[in-house]
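Spelled out from the first residue to the last, the chains are:
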Amino acid sequence: MRSSNKRSRNKNNRNRPNSVGNVVNRVFDSSGPEGKVRGTPQQIIDKYNQLARDAQLSNDRVNAENFQQHAEHYMRMLSEAQREQDARREQQERENRDRQAQRDAERPQRQEQDNNNNNAAQPVQDQADAPQPDVIDSSDNNSDSGLVETPEAKAEEKPKRPRAPRKPRKKPEPKAEQPAADQAAPDAAE
C-alpha cells in the first residue's frame, strides 16, 4: 500500500537555510539566449560580458542588453556572497578578539592563584631549612630506640659469606674402542 503523503519523501522540501557561502566556488548552469553557460559566477559573468561586447560589435542592441542583464544577475549573486563571507569573517575576528581580551583579563587572576599556591607550599620548604635532630647511634642492638628494623638494616648486620668458587665440570672420558665381533671370533678359533 502506498503512502498518500508524497511530500515527506521529497528531499527538496527540507527546511534548509539558504547557504550563500558556497556561491563563490559553486558551478552554475545558466540558460541564456545563446544556450547554456556553465561555470562559477565569475566565469559566467565574464562569458556574458564577452557575449554582450560581441552583440554590440554586430549592432544587436537587444541581445547586448540581454547579455548585460544576465551578467548583472550573476554579479549581484557574487557580490552578495562575498559580502556575507566578509561579514562572517568580521564576526569571527570580533569573537576571537573578545576571547583574547577575556583571557588577558583572566591572566592576572590565574597568576595570583599560582602565587597563592606557591606560597602555601613555601612553609614546607622552610621546614626543610630548619635544623634537623642529631642522628641516633644504632650500633647498640640492646637499646630500644623506637626505630623499626628494615630488611636493609638486617642485611648489614649479617656479614656475607664469600662464595665458594665453582668446581669445574668433569669431562666425559672418551670410550675405548671395543674390538668388533668379527675380530674377536678368529682369536677364539685359534
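Residues numbered from 1 in each chain as written. Predicted model: local features only at pLDDT ≥ 70, side-chain atom pairs only at ≥ 80, totals over all residues. Heavy atoms only, no water.

**A closer look at the overall build of the chain**
Here is step 1 of the chain: In terms of helices and strands, the chain carries four helices and two strands.
Here is step 2 of the chain: Helices (α) and strands (β) of the chain occur, in sequence order from the N terminus, as β-β-α-α-α-α.
Here is step 3 of the chain: Burial analysis of the chain (190 residues in total) assigns 11% to the buried set.
Here is step 4 of the chain: Expressed as a percentage of contacts within the chain between residues at least 6 apart in sequence, the contacts between residues at least 24 apart total 40%.
Here is step 5 of the chain: Accessible surface computed for the chain: about 18,200 Å², of which carbon and sulfur atoms make up 45%. (Helix = DSSP H or I, 4+ residues; strand = E, 2+ residues; numbered from the N terminus. Buried < 20%, exposed > 50% of the residue type's maximum accessible area, 1.4 Å probe, protein only. Contact = heavy atoms within 4.5 Å. Areas by Shrake-Rupley, 256 points an atom, 1.4 Å probe, with all protein chains shown as cover.)

**Concerning the pattern of salt bridges**
Opposite charge on two side chains makes pairing possible when the charged atoms of those side chains draw close.
Here is step 1 of the chain: For the coordinates displayed, the defined rule picks out seven salt bridges.
Here is step 2 of the chain: Two residues, glutamate 84 and arginine 88, come together in a salt bridge whose shortest N-O distance is 3.9 Å. Residue glutamate 84 and its partner arginine 88 are located together in helix H2 (residues 61-129), separated by four residues, close to a single helical turn.
Here is step 3 of the chain: Of the residues examined, arginine 88 reaches a relative accessible area of 42% and is grouped as partly exposed.
Here is step 4 of the chain: For aspartate 86, the salt bridge is made with arginine 89, and the minimal N-O distance between the two is 2.8 Å. (Salt bridge = Lys/Arg side-chain N within 4 Å of Asp/Glu carboxyl O.)

**Section: the side chain of threonine 40**
Here is step 1 of the chain: Counting through the fold element by element, threonine 40 comes out in the loop between strand S2 (35-39) and helix H1 (41-57).
Here is step 2 of the chain: On the accessibility criterion, threonine 40 (18% relative accessible area) is buried.

**Topic: the confidence of the model for the chain**
Here is step 1 of the chain: Here the chain averages 76 in pLDDT, and 67% of its residues register 70 or above.
Here is step 2 of the chain: When mean pLDDT is taken per element in the chain, H1 scores highest with 94 and helix H4 (residues 181-189) scores lowest with 51. (pLDDT = per-residue confidence, 0-100.)

**Comments concerning H1**
Here is step 1 of the chain: An ideal rise of 1.5 Å per residue puts 24 Å on 17 residues; H1 measures up with 24 Å between its terminal C-alpha atoms.
Here is step 2 of the chain: Of the positions making up H1, those classed as buried are Pro41, Ile44, Ile45, Tyr48, Leu51, Ala52 and Ala55. Down the axis, H1 shows its buried residues gathered within 130 degrees of arc, on one side only.
Here is step 3 of the chain: Once H1 ends, the next one or two residues include asparagine 59, with phi positive near 60 degrees. (Expected span 1.5 Å × (residues − 1). Arc of directions from axis to C-beta.)

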